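The lines below spell out each chain.
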Amino acid sequence: MSHSQSKRSDNSDPQSEGSDDTPHITSGLGGSVISRRNFLRAGLAFGGLTVAGVGGYVWWRRQPPDHDLPRLTVEEAFAKAKADELILVDIRTPREWRASGVPVGSHQIDMRREDFLEALDQVIGGNRNAALALICARGVRSARVTLALDAAGYSNVADVPEGMLGSAAGPGWLRSNLPVARWTGQG
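Nothing here was measured: the structure is a model prediction, and the numbers come from that model. As a convention, each chain's residues are numbered from 1 in the sequence order in which they are written. Local features are withheld for residues below a pLDDT of 70 in this predicted model, meaning they are given only at 70 or higher, and side-chain atom pairs are given and counted only at 80 or more; totals for whole chains, interfaces and linings count all residues. Note that water and hydrogens are dropped before the side-chain values are worked out from all heavy atoms of the structure.

Colleague: Tell me about the sheet that holds strand 3 (residues 87-90), and name the residues and values.
Modeller: The criterion for strand pairing is that DSSP finds at least two bridges linking the strands in question. Under the scheme used here, helices are H or I runs from DSSP no shorter than 4 residues and strands are E runs no shorter than 2 residues, and both carry numbers assigned from the N terminus. A sheet is described by the order of its strands in space; here 4 strands give the open sequence 5-3-6-7, paired in parallel fashion. Of all strands in the sheet, those bounded by a partner on one side alone are strand 5 (106-108) and strand 7 (157-159). The mean angle between the axes of side-by-side strands here comes to 30°, regardless of whether they run parallel or antiparallel. Of the strand pairs in this sheet, strand 6 (residues 132-135) and strand 7 are connected by 3 bridges, and their pairing is parallel. Bridge pairing in strand 7 places Leu132 opposite Val157. To get an axis, a line is fitted to the C-alpha atoms, and for a helix only the part in contact is used. The angle between two axes follows their N-to-C directions and goes from 0 to 180 degrees.

Colleague: Would you mind going over the pattern of salt bridges in detail, with residue names and values included?
Modeller: What makes a salt bridge here is a side-chain nitrogen of Lys or Arg within 4 Å of a carboxyl oxygen of Asp or Glu, nothing more. According to the stated counting rule, one finds 5 salt bridges in the structure shown. Measuring nitrogen to oxygen at the nearest pair gives 2.7 Å for the salt bridge that ties Arg141 to Glu96. Of the two residues, Arg141 is situated in helix 7 (residues 140-151) and Glu96 in helix 5 (residues 94-100); the sequence distance between them amounts to 45 residues. Exposed residues in this analysis have more than 50% of their type's maximum accessible area, buried residues have under 20%, and partly exposed residues fall in between, with area computed by a 1.4 Å probe over protein chains only. Residue class for Arg141 comes out partly exposed when judged on its relative accessible area of 24%. Among the salt bridges present, the one from Arg113 reaches Asp115, with a minimum N-O distance of 2.9 Å. Residue classification places Asp115 among the partly exposed positions, given a relative accessible area of 33%.

Colleague: Can you lay out the packing of aromatic side chains for me, pointing to particular residues and giving the numbers?
Modeller: Geometry of aromatic contacts follows a simple scheme: Phe, Tyr and Trp rings, the Trp one being its six-membered ring, pair when their centres are within 6.5 Å, and the pair is stacked under 30 degrees between planes, edge-to-face over 60, tilted otherwise. Summed over the entire model, instances satisfying the criterion amount to 2 aromatic pairs. A ring pair is formed by Phe78 and Trp173, whose centres lie 5.7 Å apart and whose planes are at 90°; its orientation type is edge-to-face. With Phe78 in helix 4 (residues 74-82) and Trp173 in helix 8 (residues 172-175), this residue pair connects regions lying 95 residues apart in the sequence. Taken individually, Phe78 and Trp173 each receive the classification buried, so the pair is uniform in this respect. Seen from their ring centres, Trp97 and Trp183 are 5.1 Å apart, and the 55° between their planes marks the pair as tilted. Note that Trp97 is positioned in helix 5 and Trp183 in the segment after strand 8 (180-181), a separation of 86 residues in sequence. Trp183 carries the same exposure label as Trp97, and that label is buried.

Colleague: Tell me about the nonpolar core, residues and numbers included.
Modeller: Membership of the largest hydrophobic core comes to 15 residues, with the highest contact counts inside it found for Leu120 and Leu149. Looking at this core, the elements with two or more residues in it are helix 6 (116-123), strand 6 and helix 7. Examining the composition of this core, we find that 3 residues originate from one element, helix 6, more than from any other. Contact criterion: two residues are considered in contact whenever any of their non-hydrogen atoms come within 4.5 Å of each other. What Leu149 contacts, discounting residues up to four positions off in sequence, is Phe116, Leu117, Leu120, Leu134, Tyr154 and Val157. Here, nonpolar core means buried Ala, Val, Leu, Ile, Met, Phe, Trp, Tyr and Cys residues that are tied together by side-chain atoms lying within 4.5 Å of each other. By size, the runner-up hydrophobic cluster in this structure holds 14 residues, among which are Val74, Ala81, Ala158 and Val160.

Here is the structure:
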């Protein structure tokens, strides 16, 4: 047996290897061959699409839905709540209330509560025509809940799209130096 014959006895097919020394992967299904480099490129492309898709979803979740319902600046919301012209409801979570405090004159109702509507009705005395303004951190959740309350029959709901921390709508409650109280509740 010659030296060249012994090299081919390792079951390699010189036609499937290509002209370079790049390792190849055989699928075993019909004998199709893909280079390791192309296999990794395909994996990276798929991974990149996955990351882009997840990133797009996260971006979309952080965008407030567009609506034609009333919007108030944080200054307007504070002035109207102070003058008892509306009820300001902070719909953030207890963790957020502890971290940044709560707007002076607001009612805190975590929007994740199963009994959110019942708690809201208790604050407004059952009057679904009462003037309400909703505030959250950056205006995304308040926009979504404003739309949901409007659909549920609350006829006088306004959104405060700046939120506590600011957004594209404005600097927010904290940066506007509006009064904040320490949240003393449990949760």
